Amino acid sequence: MPELRIDLHTHTTASDGSFAPKDLAKAAKEAGLSAIAVCDHDTTAGVRETQMAGQELGLEVVPGVEISALYAGGTMHILGYYCDMENPGFQADLQCILDGRNNRNPRIIARLNELGMEISLEDVEREAGGGVLGRPHFARAMMKKGYIKTVQEAFDEYLASNGKAFVPKEVYPPQKCVEAIVAAGGTAVLAHPKQLRRKSQAEIEAVVDELMQYGLQGVEAIHGDCEPETAEVYDAMARKRGLLVTGGSDFHGISKPDIHLGRGRFDYKIPYAYLEALKERRAAASTTS
């Protein structure tokens, strides 16, 4: 029997992915995956539709979310798996974060306009197609207008944290992000530790230790943009602390063309055992609560 493969970090058009939920499910099935997790940025809007498509295809779809956290120096995102999507407090927290996104969008437009780019918020909204506006949508609007040639160019020069048009989001501190996931019955996992941009592994481990105090239960060791040797370091870091190890491509589609569904950039084969361990940890927690 071939080993079942999964991808626990994917995005749909509900945030900044380029695949509609049903198309993501179809692509995952065609890629030979047995399960995926939908982890859109700060929203669960794409989960149900992906699950419905997955049921028709025989694809397991794990409900997830990727929450942005307030963090200096790099980027911190917390993945939440199996949260109660109907939990009103949880949805209120996500809406608060989305409101912060919406507040910054006109400010990014203003900065691009100041730089001589005639781009409107309506241009960006068209690229989002009704989903949550993210920086990839700004990049696509800039490409369509001919101001840049690639999404990567847009980020490198304008939209990244050191870019000319960057505006920070209004987000929760890490403790609030983790606690919101746990309060909604979910499992909190640190996404892509590499993007913390700490100077040493010891500094990354210090961040993980702090997050564990708030209820962190796992680390995304395998990430689509993380070298295999670094993933091994993160794996060891997690297991040493008794944390879950997860893995995902962080698939977005056309905005990250070199990140392939289920494989990332380095042709990973993420095992179903990761999802089994996640389920076992949840089952054990429910019996002791």
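That block above? That's the structure.
Residues numbered from 1 in each chain as written. Predicted model: local features only at pLDDT ≥ 70, side-chain atom pairs only at ≥ 80, totals over all residues. Heavy atoms only, no water.

## A closer look at the pattern of salt bridges
- Enumeration according to the criterion identifies 17 salt bridges in this entry.
- In this structure, Glu-86 engages Arg-48 in a salt bridge whose closest nitrogen and oxygen atoms are separated by 3.5 Å. In this pair, Glu-86 is assigned in the loop between β4 (76-81) and α3 (88-114) and Arg-48 in helix α2 (residues 47-57), connecting sequence segments 38 residues apart.
- Judged by relative accessible area, which is 57%, Glu-86 ranks as exposed.
- Residues Asp-250 and Lys-256 are paired through a salt bridge, measuring 3.5 Å at the closest nitrogen-oxygen approach. (Salt bridge = Lys/Arg side-chain N within 4 Å of Asp/Glu carboxyl O. Helix = DSSP H or I, 4+ residues; strand = E, 2+ residues; numbered from the N terminus. Buried < 20%, exposed > 50% of the residue type's maximum accessible area, 1.4 Å probe, protein only.)

## With respect to α2
- Taken together, the buried positions of α2 are occupied by Val-47, Thr-50, Gln-51, Ala-53 and Gly-54. Down the axis of α2, the buried set is contained in an arc of 165 degrees. They therefore lie on one face. Those residues of α2 that are exposed and angled more than 90 degrees off the buried face are Met-52, Gln-55 and Glu-56.
- Along its buried surface, α2 packs onto α1 (21-30), β2 (33-38) and β3 (60-69).
- Gly-58 occupies a position one or two residues after α2 and carries a positive phi of about 75 degrees. (Arc of directions from axis to C-beta. Contact = heavy atoms within 4.5 Å.)

## Some words on the packing of helix α8 (residues 201-214) against helix α9 (residues 228-240)
- The geometry of α8 relative to α9 is characterised by a closest axis approach of 11 Å and an angle of 40 degrees between their N-to-C directions. The orientation of α8 relative to α9 falls into the category oblique. In this structure, α8 meets α9 at a crossing whose hand is right-handed. Contacts from Gln-201, Ile-204, Glu-205 and Val-208 of α8 reach α9 at Val-233, Tyr-234 and Met-237.
- Its residues assigned to classes, the contact of α8 with α9 shows five nonpolar, one polar and one charged. (Axes fitted to C-alpha atoms, helices over the stretch in contact; angles between N-to-C directions. Parallel < 35°, antiparallel > 145°, perpendicular 65-115°, else oblique. Left-handed = near helix turned anticlockwise from the far one by under 90°. Nonpolar A, V, L, I, M, F, W, Y, C, P; charged D, E, K, R; others polar.)

## Side note on the pairing of strand β7 (residues 244-248)
- Extensive coverage of β7 is indicated by the burial of five of its five residues.
- Residues of β7 alternate between two faces, with Leu-244, Thr-246 and Gly-248 on one and Val-245 and Gly-247 on the opposite face, all of them buried.

## Some remarks on the packing of α3 against helix α5 (residues 135-144)
- One way to put it is that α3 packs onto α5 with a least axis distance of 12 Å and a crossing angle of 30 degrees. By the angle class used here, α3 and α5 are roughly parallel. In the crossing of α3 with α5, the sense of the turn from one axis to the other is right-handed. Between α3, through Arg-104, Asn-105, Ile-108, Ile-109 and Leu-112, and α5, the contact on the second element is made entirely by Arg-135, Phe-138 and Met-142.
- For the contact of α3 with α5, the per-class residue count stands at five nonpolar, one polar and two charged.

## So, the nonpolar core
- With 53 residues, the main nonpolar core has Met-76, Ile-78, Tyr-81, Leu-211 and Leu-275 as its most contacted residues.
- With five residues, the top contributor of residues to this core is α8.
- Each residue touching Leu-275, except ones within four places of it in the same chain, is listed here: Ile-6, Leu-8, Ala-35, Glu-60, Val-62 and Tyr-82. (Core = buried A, V, L, I, M, F, W, Y, C linked by side-chain atoms within 4.5 Å.)

## Points about unusual backbone geometry
- Even without being glycine, Asp-42 reaches a positive phi, approximately 60 degrees.
- For Asp-42, the location among the structural elements is in the loop between β2 and α2.
- The exposure class of Asp-42 is buried, given its relative accessible area of 0%.
- Even without a glycine there, the phi angle at His-192 is positive, about 25 degrees.
- Inspection of the secondary structure puts His-192 in the loop between β5 (187-190) and α8.
- For His-192, a relative accessible area of 2% corresponds to the buried category.

## Here we look at the pairing of β2
- Across the six residues that make up β2, a large majority, six, are buried.
- As paired strands, strand β1 (residues 5-10) and β2 are joined by four bridges and run parallel to one another. Opposite Thr-10, over in β2, you have Val-38 as the bridge partner.
- Once the chain exits β1 it traverses α1 before rejoining the sheet at β2, and the crossover so formed is right-handed.
- Inspection of the sheet shows β2 paired to β3 by four bridges, in the parallel sense. Paired with Ala-37 across the two strands is Val-62, which belongs to β3. (Pairing = 2+ DSSP bridges. Right-handed = clockwise from strand over helix to strand, strands pointing away.)

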